[in-house]
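Observations on the three-dimensional arrangement
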Amino acid sequence: MPKRVDHEERRAQIAEALIRVAGRRGLHAVGMRDVAAEAGVSLRLVQYYFQSKEKLLFYGLQHLTDRFTARVGARLAAAGPDPGPRATIEALLLASLPTDEESRTFHLLYSSYSILSVTDGALAAQPFIDNPDAAENALTGLLESAQAAGLADPGADARIEAISLLAMAATMGTGILVGQRGPESAVAVLRHHLDRLFTTAERPAPPA
């Protein structure tokens with residue numbers, strides 16, 4: 001009997017190849033033929049699963065986002081069964097900083113896709129992300145929960161602080177990519193701002 005093809009597995013294989021090539025050469029320079037060669041499959045197979053480069057890029061972005069979500073989950077699991085809002089926010093923010101090869105690729109490609117979607121009509125016609133406010137809403141809810149529990153500054157505007165933290169993480173991530181600052185500096189700045197928002201009871205112990 002012929003081997004049954006797992007189509008989702010094959011799509012993921014092609015998406016991983018896209019991420020590897022784009023991480024080396026930049027998203028703008030990647031073609032479907034490059035991805036096929038990296039994945040070890042034919043160009044026709046890539047075209048079968050993704051009829052256009054734009055659809056391939058969009059699927060790759062979704063795949064990249066799924067990997068980011070898994071990385072956040074691993075950080076939370078390492079923090080214990082009940083990490084609390086401070087540790088949860090820190091896990092979300094620190095996972096987005098390009099501190100290793102995987103997170104560097106995530107930040108680079110995510111930023112590149114957002115820029116390309118501004119100038120490329122075919123990309124702009126597709127939603128950049130399914131829920132663009134998801135991270136902002138999640139951080140706002142965590143800050144509000146911390147305020148209700150007496151763990152964070154009750155006078156702070158949770159929505160504005162969430163927006164500020166996300167913008168800060170994104171900007172410092174770019175700074176790391178271009179060599180403006182090191183990861184340790186970026187982490188220190190984020191933790192400084194979290195210390196300003198949270199009471200000492202919710203702050204994590206300093207590293208040994």
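The structure reproduced in this document is the subject of the present report.

Rules behind the numbers
- Residues numbered from 1 in each chain as written.
- Predicted model: local features only at pLDDT ≥ 70, side-chain atom pairs only at ≥ 80, totals over all residues.
- Heavy atoms only, no water.
- Helix = DSSP H or I, 4+ residues; strand = E, 2+ residues; numbered from the N terminus.
- Buried < 20%, exposed > 50% of the residue type's maximum accessible area, 1.4 Å probe, protein only.
- Contact = heavy atoms within 4.5 Å.
- Areas by Shrake-Rupley, 256 points an atom, 1.4 Å probe, with all protein chains shown as cover.
- Axes fitted to C-alpha atoms, helices over the stretch in contact; angles between N-to-C directions.
- Parallel < 35°, antiparallel > 145°, perpendicular 65-115°, else oblique.
- Left-handed = near helix turned anticlockwise from the far one by under 90°.
- Nonpolar A, V, L, I, M, F, W, Y, C, P; charged D, E, K, R; others polar.
- Phe/Tyr/Trp six-rings, centres within 6.5 Å; stacked < 30°, edge-to-face > 60°.
- Lys NZ or Arg CZ within 6 Å of the ring centre and 35° of its normal.
- 1 Å grid on protein atoms, 1.4 Å probe; cavity = no way out; pocket = protein on both sides within 12 Å on 5 of 7 lines; lining within 4 Å.
- Points joined across faces, edges and corners; volume = space filled by probe spheres on them.

1. Thoughts on the overall build of the protein
The helix and strand inventory of the protein stands at ten helices and zero strands. Across the 208 residues that make up the protein, the buried fraction comes to 38%. Of the contacts made within the protein by residues no fewer than 6 positions apart, 67% connect residues no fewer than 24 positions apart. Taken as a whole, the protein presents about 11,400 Å² of accessible surface, with 56% of it coming from carbon and sulfur.

2. Remarks on the packing of helix 5 (residues 84–96) against helix 9 (residues 158–177)
To characterise two packed helices, one gives the angle between the axes of the helices and the distance between these axes. For the pair helix 5 and helix 9, the least separation of the axes is 9 Å and the interaxial angle reads 25°. Looking at the two axes, helix 5 sits roughly parallel to helix 9. The way helix 5 lies across helix 9 gives a crossing that is right-handed. Contact residues: helix 5 offers Ile89, Leu93 and Ser96, while helix 9 offers Leu165, Leu166 and Ala169. Residues belonging to the contact of helix 5 with helix 9 are distributed by class as follows: five nonpolar, one polar and no charged.

3. Quick notes on the packing of aromatic side chains
Using the criterion set out here, one finds four aromatic pairs in the structure. Summarising the aromatic geometry, the rings of Tyr48 and Tyr49 are spaced 5.0 Å apart at their centres and angled 80° between planes, so their arrangement reads as edge-to-face. Seen from their ring centres, Phe68 and Phe106 are 4.7 Å apart, and the 10° between their planes marks the pair as stacked. With a gap of 38 residues between them, Phe68 in helix 4 (residues 53–78) and Phe106 in helix 6 (residues 101–119) connect regions that are remote in the sequence. Here the two residues Phe68 and Phe106 agree in accessibility, since each one is buried. In textbook terms, an aromatic cluster arises when at least three aromatic residues are bridged by ring pairs, as seen for Phe68, Phe106 and Tyr110. Taking the ring centre of Phe106 as reference, the NZ or CZ of Arg71 above it sits at 5.8 Å.

4. Here we look at empty space enclosed by the protein
Throughout the structure, instances matching the rule amount to one cavity of 30 Å³ or more. In this structure, the largest cavity spans a volume of roughly 70 Å³. Of all the secondary structure elements, the ones that give two or more residues to the lining of the largest cavity are helix 1 (7–25), helix 4 and helix 6. Residue contributions to the lining of the largest cavity peak at four residues, all from helix 4. Looking at the lining of the largest cavity, its residues break down into eight nonpolar, one polar and no charged.

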